[in-house]
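Descriptive analysis of the structure
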Amino acid sequence: MQKRTFLTVLAFLYGAALLLTIPHAGVSFAAATQVAQATQAQAVQIKAAWIRWLPGGVPLAGYATLANTSDQPVVLKSVSSDAFGDLSLHQTQETGGTVRMSPLERIPIAPHATLDFEAHGIHLMLMQPRESLDPHGHALITLHFADGSTLAVQFQVRSTAGA
Ligand SMILES: [Cu+2]
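Residues numbered from 1 in each chain as written. Predicted model: local features only at pLDDT ≥ 70, side-chain atom pairs only at ≥ 80, totals over all residues.

1. Description of the pairing of strand S5 (residues 98–103)
Just so we agree on the cut-off: Residues with at least 20 neighbouring C-beta atoms inside 10 Å of their own are called buried, those with 12 or fewer are called exposed, and the rest are partly exposed, where every C-beta is derived from the backbone. Runs of E in the DSSP output that reach at least two residues are strands. Runs of H or I that reach at least four are helices, and both are numbered from the N terminus. Pairing between two strands requires that DSSP report at least two bridges joining them.
Of all six residues in S5, zero are buried, a share of ten percent or less. Strand direction decides the pairing type here: strand S4 (residues 84–95) and S5, joined by six bridges, are antiparallel. By the bridge assignment for S5, His 90 is matched with Pro 103. Counting the residues that bridge the hairpin from S4 to S5 gives two residues, and of these Gly 96 lies at a positive phi of roughly 60 degrees.

2. So, the environment of Ala 43
Basically, it comes down to this: Our contact criterion uses C-beta atoms placed from the backbone: two residues qualify when those atoms are within 7 Å.
If you trace the backbone, Ala 43 turns up in helix H2 (residues 40–43). Overall, the presence of 23 C-beta atoms within 10 Å leaves Ala 43 in the buried class. Separated by 27 residues in the primary sequence, Ala 43 and Ser 70 place their C-alpha atoms 5.4 Å from one another. Setting aside residues up to four positions removed in sequence, Ala 43 forms contacts with Ala 38, Asn 68, Thr 69, Ser 70 and Val 74.

Quick look at the structure:
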């Protein structure tokens, strides 16, 4: 009798385990799907983000270091912010002793690569700063990626002297 009870309990536990397994399998499948569909914004880690502050409402340059933690390339397409009237992506290049800035349509970051904007002359060209911009504060700037995903990043504002 005792052995039969034991078997019954065992059968019950087995059934319960089966029931638990079914929704659980569903959850892990959903998680796997999510990983495959992770957005470019989710793949990016911000290592640094700052703005070189200058007085007089002149155009400012913003710099960031972005790490792509995914197996897919990530492409930064544009930036937007309430703190500035006009934002664009620029790259400074020196050719034959002449330094010039040109707009960038896209900034690709290879899988598992880290891109230091400043080291490559890349910067956010931040025009028409709002009067409220604090030289020791922060500015919220949204990064827009090629897949339509966005990432809001707090850029630290620093004066050149403090940098
Ligand atoms: Cu520029």
